[in-house]
Each structure stands twice: as structure tokens, then as C-alpha cells.
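Chain residues, written in single-letter form:
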Amino acid sequence: MKQYDAKSILNIAIAGHSGAGKTSLAEAMLFLSGATDRLGKVSDGNTVCDYDSEEIKRKATVMTAVAPVEWQGKKLNFIDAPGLFDFEGGVCEAVRAADTVLVTIHGKSGVAVGSEKAVKAADARGLAKVFFINGLCDENADFYAIFDALKEKFGTSVCPVVIPYVINGKADTYINIVESKAYTYKNGKMSETAMPDFDRMDDFRAALYEAVAETSDELMEKYFAEEPFTPEEIIEGVSKGARFGLIAPVFCGDPVLLQGIDLLLNGLCDLAPTAHRGTETGEDPDGNPVEIAVNEADPAAAIVFKTIADPFVGKLSYIKVLSGKISTETALVNMRTGNPERIGKTLFVCGKKQEETKAICAGDIGAIPKLSGTNTGDTLCAPTRKVILEGIKYPTPTITMAVLPKKKGEEDKVAQGILRLVEEDPTIHFANNAETHQMTISGLGEQHLDVISSKLKSKFGVEVTIQKPKVAYRETIRKKVQVQGRHKKQSGGHGQFGDVWIEFEPCDSESLEFGERVVGGAVPKNFFPAVEKGLRDCIQKGTLAGYPMVGLRATLYDGSYHPVDSSEMSFKMAASIAYKNGIPQANPVLLEPIGTLKATVPDANMGDVMGEVNKRRGRVLGMNPAEERGYQTVEAEVPMAEMHDFCTFIRQCTQGRGNFTFDFVRYEEAPAPVAKKVIEAAASEAGDA
């Protein structure tokens, strides 16, 4: 593929709800432009963008893919983003690299949650938006109803550009109402035809004029005066409005039949902003703002927006070059690590296909292999102008599960595999919980964790089981007791003797508070540390279920010793005996971790969420209006043991519109029935061991 300058490059993310036909649309544009010689199908597992084995198996996109298309002397870098909510991180990556978001909407299911999220993602970065109503070959598709829903949801900025002329439920003619031209298709080939006239045409023209009027004060005045716009004013208004995000053009078609796809490509070339307009503001090492213009003559600066970690091929870093150009001769520094990065070669990618290129120029997208110290979100720039570009904001993981190898002894292999997958997908969080002795992975949903499990097997040859994680309970006491711990052992020669009286009482601390008030030398001072050490070893396991003891004050106040047989070990053992004798008398209780839940949901789902919190033994603290209109944020405190599958509930309840955060806040006493189950489970586990 030849080199293009920034004025001829368009970076376009294809986003939308799962099943809206994003990958099929990308496949049709690749085929129509000549980038591929066959029209792949998702159902056949042979598309360019869904090339990963997991995507072929699931027939759904799970990772971002790049597919460039050459059309009308321009290069269109399409970034196909996942539609499944479990892989929302891919949308964040695609949007970070794009200047336009092509929101794909299925002609049958209409404006879905994924459509709304795609628009929000575009608005959050101030990107241009284009709608494509897909799948009009389906007899149940209804373009007109979906267009009305778009207008209702997103307002007057929704601007019809290409609309279908539907007869007997079949869309066989497509009308570009900006140019007042109509086209028919036969075997994917377009031919111009006479402009049809039908009832809804006036409505669409009115919507077009309304959107164009929003682009300037002069056109707004003309619109209110009910003066007709000239064809030149309409074209200029739509073009200007689309480039600056004032209007969102609407196209339509069917990628399976290759209908309307060329009109979409033409429209993107004419209306979407080119890469040279994508000026960004970064920071220098001192935190001062630095404006980065898309200019090939400036020092190099690029953002790494995606990483692929392959155990055989190695690491592949996808970059968007903002300024300068990057080649094997370019000196670069990673601003996160401060280390220089050596460029072995530069690539253009189309799905899994790689093509070596001399350079990746300003405004373009490409890839660099084997940057071992570079991660997604890093800035690579020239040493002569050090700048930090905005990284990628990923959603917070909402589900955590324990991961166990199916074969003993493969824990290290599992950990190394997950760490490699984290490089590829930063929405995965991995931890090794020393307290519960479990490895845990956190992700965006059950499908996300299932894909992680499958990739561990296919990429790294290790099979795992994913299960509900253990909860890190605690134990404490509720009353004061005084007990003796006496250790005496004779074995010929020097024996062992230690005798202590210890007072145990509850206190407000994270572990053990140790003190002494021994008088008269009943226990020599040099044995005090041994007593404390013995107690600190003991509190690692409580007497109820073996969980760590907290909130315990132990005061050594009396005892006795033998001038020959006493030793540090003897007093350590005596302290252990006092602990084991005293704690069961001190009304020990089980403590469970409590977290703060902040769930932001639509107003209509408030009652369901509050009811679910109560079912999970939670306490609703209150609710506040969210930033987004029509949403409320419910605040509650819920036991962490009840929250492992809350992600699934909130997604089903709100159809994916809701989100939540959940953070540990404190421990509090577990109810008796809960404590009983935990203690019985611990006893059973100890018996099995």
C-alpha cells in the first residue's frame, strides 16, 4: 500500500451493538475497494477483521482489528471494534485511534444499547459521528422507524444523506438526497436511475434542512424565514457540519448484497474529517500543555492504542502517528519508561495480514513488532520533543473469579500466560491473593473470563478452571479474658519451661496490640519479644475458621520462669497455649468484608437494583442524580461475599446501560447463619486436607 499524507487519510472506528453487522460492513468495503478478492462471511469464519480463533469459534468480534481501504485517492483506516459489552476495552482502543465513529445499527433491531454507548464514546472524545443503518435486505428491517428513533434519541443533529426507497418491504433503490440522485443495484453493481417520489421524501428533506440549519447562523436565519436552501448550501452545510461534529449523517445499505456500500464510502471521503485535522494537546515532562499538530515535518509523536501478544510471533504494537514519521531510522523514547525504543521494521496491517512499509507517516495507523518494553497507552516520541499524549481510559473490571490450573504444578505457567494476556487486554486484572492462596482474574463479564480461559489453552497450552473466589474473612473477640499458658517439658538434661498469664481484650486495630505490665520480674524482659512473637504467629489463624485475627489486644501481666530451663522457645510456646486456651473463652466472632457499591442505572431500574441490594444483605445509603440525564446513582454497603455475580445482574436488569463500582470499605460482624456456614465449610476443607 502506498504512502498517503494526512490530508488524504481518514481514521474511522466501526462501533455499535453486538450483531449490528460491523464486521460484515468492513468486509463489504474491503471487497468493493479491491483490498480483498472475496467477500467473507462471519458465519463462515473467513472475514478479514475476525481472524482470531476465539472470534471464528464464537462468530463475534472480541478484539479490535485494523483494515485499511483505498477509495477515491484516499486511505480509510477502518478500526473494527467489538460490540459485546464484555469486550468494551476494544471500543476504547478504537475510539482513541479514530477521528470518526461509524455507528452501525441493524435495520431490524434498531437503536440498541451498544449504539448509545458508541455515540457516548464518540462524544467523550469530540469525534465526528456517522450512522449506517444496516441489513436492509432483511424483510423485517424498517429504515423509517429506525431513523425516527435516531432523531428522537439524538436530536436534530441526525441528518439523512442516503435513504432507501422501499416497495413491498424491499429496498431496491437508494437515494442520495443531498445530491438528489437515485441508484439501483444488480449483483452489487450500482447504476443511476430516476428519482422516485414517495410520501416520506418531504419528511427526510425537512430533517436534512433542519440539520443543515444548525451549522451556521446564516443558514439558521434562512431556515426560520422558510427560505429554500440552494444545492450548494446543502452540500456545504452537510460537509462542514459532519467534519466539525455538528451533524451526524445517516447512510444505509446492505453489505451482504453490496448495496449502498459505495455510497457510504463516497460519503465518508466527502464528509468525514481527515487526519490532518486531529490536533491534540499533550504534556511535556513538567506537566505543561503542548499542542501537537498532525504534521509530517515535526518531531515524531505516536500513541500505542493496541497490543497483540503472541507467544510465537512476539509482541505487535499498533500505533497512531500524530506528528512526524516513524521508520527504522527514527529515534524514539518511551515516555512511560524513559527508555529508548529501537524500531526494527514498520508495518501496515489488514486484519492478520502484515505488509512492510518504509515509514508510518503523520495521521496514519500502522504497527511495530517486538517493542518489548512498550505497553498499550504509551507515548513514543522523538527525544528532541518529549511529550506525553493522552492514554486510553479503560472500563473498570466488574467481575472477579479464582483461576486454578487443572494440573498441579502449573501455577507459574498460568500466571505467565495471564500476564501476557494483560499486555494484550488491559481490562484484565490479575492478582495473587496471599491470604486466600488463590490467583484471581478480574474482567468485564463472564464471556470475557471465558475467552481468557480459552486463550490460555490455545496460546499457552495450559487448561484452567474458573470458580467463585474465596472471601478473605477475619476473626476477632468481643470480651476480655485472662488466661494462663504454661509450657513444661523434661527430656533429660536441660528441659523447657515457660509460664505466662495474658489478658486478651478487643480493641480497634488491624492486627495485634501487644503490651506488658509485669512487676517484680515474674517474667524476665528478655522473654517479652518471644511472647509477642508467639502471639503474632498465632493470630494468623483464628480459632473459629482459621482466618486471621484482628482487633486483639494482648497484655502480659504475670508468669514465672526457671533459671535453667526457660528459653525464648519455651515462652513462645507458652504464649501459643495461652492464645489457644483464651480466645475460645473471649466470645470469638467472624468478620466479613463490606464494600461500598455505587451503581448508576436508568431511573426505571432503580427499584430492581435496590431490591437486589436488599436480597444480597446490603444496606441502601441513598441515591443521587447521575451526570447523565435519566440516570440515578444508588449508593449502598454490601457484603463482598454476595457480589461476585452482581455484574451479570446489573447487565441483565439494565440491558447493559447500567454500570457500577464496588470497593472494600471495612469489616463487620457476620450474621450467625452466615458465620455458621463459613465455619462449617472451613472445617470440611480442613478435614479433606
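Residues numbered from 1 in each chain as written. Predicted model: local features only at pLDDT ≥ 70, side-chain atom pairs only at ≥ 80, totals over all residues. Heavy atoms only, no water.

Q: Can you tell me about the sheet that holds strand E4 (residues 100-106), naming the residues and giving the values?
A: As summarised here, the arrangement of the 7 strands in space is E2-E3-E1-E4-E5-E11-E6, forming an open sheet in which the pairing is mixed. Each edge of the open sheet carries a strand with a single partner, namely strand E2 (65-71) and strand E6 (158-160). Sheet twist, expressed as the average angle between the axes of neighbouring strands with direction ignored, equals 30°. Lying on the sheet, helix H5 (residues 143-154) is in contact with E4, strand E5 (128-134), E6 and strand E11 (248-252); it crosses E5 at an angle near 155°. (Pairing = 2+ DSSP bridges. Helix = DSSP H or I, 4+ residues; strand = E, 2+ residues; numbered from the N terminus. Axes fitted to C-alpha atoms, helices over the stretch in contact; angles between N-to-C directions. Contact = heavy atoms within 4.5 Å.)

Q: Break down the pattern of salt bridges for me, with residues and values.
A: A pair can form between side chains of opposite charge whenever their charged atoms are brought close. Across all of its chains, the model carries 44 salt bridges by this definition. With a closest N to O distance of 3.0 Å, Arg58 and Asp450 form a salt bridge. Of this pair, Arg58 sits in helix H2 (residues 53-58) while Asp450 sits in helix H11 (residues 446-460), placing them 392 residues apart in sequence. On the accessibility criterion, Arg58 (24% relative accessible area) is partly exposed. A salt bridge links Glu280 to Arg96, with the shortest nitrogen-to-oxygen separation between them at 2.9 Å. Of the two residues, Glu280 is situated in strand E12 (residues 280-283) and Arg96 in helix H3 (residues 88-97); the sequence distance between them amounts to 184 residues. The class of Arg96 is buried, set by a relative accessible area of 2%. Among the charged side chains, a network of salt bridges with common partners joins Glu54, Lys57, Arg58 and Asp450. (Salt bridge = Lys/Arg side-chain N within 4 Å of Asp/Glu carboxyl O. Buried < 20%, exposed > 50% of the residue type's maximum accessible area, 1.4 Å probe, protein only.)

Q: Hey, could you go over the packing of helix H6 (residues 201-213) against helix H8 (residues 231-243) for me, with residue numbers and the actual values?
A: Contact geometry for H6 and H8: axes closest at 9 Å, N-to-C directions at 65°. Taken as a pair, H6 and H8 cross one another with a handedness that is left-handed. Contact with H6, carried on its side by Leu208, Tyr209 and Val212, involves Glu233, Ile234, Gly237 and Val238 of H8 and no other residues of that element. In terms of residue class, the contact of H6 with H8 is made up of 5 nonpolar, 1 polar and 1 charged. (Left-handed = near helix turned anticlockwise from the far one by under 90°. Nonpolar A, V, L, I, M, F, W, Y, C, P; charged D, E, K, R; others polar.)

Q: How would you sum up the packing of helix H10 (residues 411-424) against H11? Please name residues and give values.
A: In the contact formed by H10 and H11, the axes pass within 10 Å of each other and the chain directions differ by 110°. It follows that H10 is roughly perpendicular to H11 by the angle criterion. Contact with H10, carried on its side by Lys413, Val414, Gly417, Ile418, Arg420, Leu421 and Glu424, involves Ile452, Lys455, Leu456, Lys459 and Phe460 of H11 and no other residues of that element. Among the residues forming the contact of H10 with H11, the class breakdown is 6 nonpolar, 1 polar and 5 charged. (Parallel < 35°, antiparallel > 145°, perpendicular 65-115°, else oblique.)

Q: I'd like to hear about unusual backbone geometry, residue by residue, with values.
A: Unlike most non-glycine residues, Glu226 shows phi in positive territory, near 60°. Tracing the backbone shows Glu226 in the loop between helix H7 (217-224) and H8. Its identity as a non-glycine residue notwithstanding, His437 has a phi of 60°, on the positive side. Position of His437 relative to the elements: it lies in the loop between strand E25 (429-433) and strand E26 (438-443). We classify His437 as exposed; its relative accessible area is 69%.

Q: Describe the environment of Glu356, and please don't skip the residues or the numbers.
A: Inspection of the secondary structure puts Glu356 in strand E20 (residues 353-357). When the C-alpha positions of Glu356 and Met1 are compared, they lie 9.2 Å apart, and in sequence the two are 355 residues distant. For Glu356, the residues in contact, after removing those within four places along its chain, are Lys345, Thr346 and Leu347.

Q: Tell me about the side chain of Glu424, and please be specific about residues and values.
A: Relative to the elements of secondary structure, Glu424 occurs in helix H10. Engagement of the side chain of Glu424 in a polar contact is seen with the side chain of Lys455, the distance being 3.1 Å. Ignoring anything within four residues of it in the chain, the contact list for Glu424 reads Glu93, Thr307, Ile308, Ala309, Lys455 and Lys459. (Polar contact = N/O pair within 3.5 Å; in protein donor to acceptor, adjacent residues only side chain to side chain.)

Q: Can you break down H3 residue by residue, with the values?
A: Counting buried positions over the 10 residues of H3 gives 9, a clear majority of the element. Within H3, burial applies to Gly89, Gly90, Val91, Cys92, Glu93, Ala94, Val95, Arg96 and Ala97.

Q: Summarise the environment of Ala65; cite the residues concerned and give the values.
A: Residue placement: Ala65 occurs in strand E2. It is 20 Å that separates the C-alpha atoms of Ala65 and Tyr4, two residues lying 61 residues apart in sequence. If sequence neighbours within four positions are ignored, Ala65 has contacts with Cys49, Tyr51, Phe78, Ile79 and Asp80.

Q: Describe the sheet that holds strand E7 (residues 162-167), listing the residues and the values that go with them.
A: Note on sheets: strands pair through backbone hydrogen bonds, and any given pair is parallel or antiparallel. Read across the sheet, 4 strands follow the order E7-E8-E9-E10 without closing on themselves; strand pairing throughout is antiparallel. Of all the strands in the sheet, the pair left with one neighbour each is E7 and strand E10 (189-193). Strand after strand, the sheet turns through a mean of 35° between neighbouring axes, direction not considered. By the bridge criterion, 4 bridges tie strand E8 (residues 170-176) to strand E9 (residues 181-186) in an arrangement that is antiparallel.

Q: Residue-level account of the nonpolar core, with values.
A: Core analysis: the largest hydrophobic core is formed by 104 residues, its most contacted members being Met29, Leu76, Phe78, Leu102, Phe131, Phe143 and Val238. Residue contacts for Val238: discarding those within four places in its chain leaves Cys159, Val161, Val178, Leu208, Val212, Ile247 and Leu271. In terms of nonpolar packing, the next biggest core, distinct from the first, is built from 32 residues, Ile418, Ile452, Phe646 and Phe649 among them. (Core = buried A, V, L, I, M, F, W, Y, C linked by side-chain atoms within 4.5 Å.)

Q: With reference to specific residues and values, describe the UniProt feature "domain: Tr-type G" (unreviewed entry) in the protein.
A: The sites that carry the UniProt feature "domain: Tr-type G" (unreviewed entry) are, in the present numbering, residues 7-276. Secondary structure content for residues 7-276 is 36% helix and 25% strand, while the C-alpha to C-alpha distance between its ends is 5 Å. (UniProt positions renumbered as here; feature names shortened; annotations may be inferred.)

Q: Outline the side chain of Lys75, supporting the account with residue identities and numerical values.
A: Relative to the elements of secondary structure, Lys75 occurs in strand E3 (residues 74-80). If sequence neighbours within four positions are ignored, Lys75 has contacts with Met1, Tyr4, Ser8, Ile9, Leu10, Pro68, Val69, Phe348, Asp364 and Ile365.

Q: I'd like a rundown of helix H12 (residues 528-538), residues and numbers included.
A: Listed in full, the buried residues belonging to H12 are Phe528, Ala530, Val531, Gly534, Leu535 and Cys538. Buried residues belonging to H12 abut strand E30 (496-506), strand E31 (512-516), strand E32 (552-560) and helix H13 (568-582).

Q: Could you give an account of the packing of aromatic side chains, with specific residues and numbers?
A: Two numbers describe a pair of aromatic rings. These are the distance of the centres and the angle of the planes. The full count for this structure, using the stated rule, is 16 aromatic pairs. Between Phe131 and Phe154 the ring centres are 5.6 Å apart and the planes differ by 25°, which places this aromatic pair in the stacked class. Of this pair, Phe131 sits in strand E5 while Phe154 is found in helix H5, placing the two residues 23 residues apart along the sequence. Residue classification places Phe131 among the buried residues on the basis of a relative accessible area of 1%. With a centroid separation of 5.1 Å and 90° between ring planes, the pair formed by Phe646 and Phe660 is classed as edge-to-face. Residue Phe646 is located in helix H15 (residues 646-654), and its partner Phe660 is located in strand E36 (residues 659-669); the two are separated by 14 residues in the primary sequence. For Phe660, a relative accessible area of 10% corresponds to the buried category. (Phe/Tyr/Trp six-rings, centres within 6.5 Å; stacked < 30°, edge-to-face > 60°.)

Q: Got a sec to walk through the environment of Val101? Specific residues and values, please.
A: Locating Val101 in the fold gives a position in strand E4. Setting aside its immediate chain neighbours within four residues, Val101 contacts Ala13, Ala15, Val95, Ala118, Ala122, Leu127, Ala128, Lys129 and Val130.

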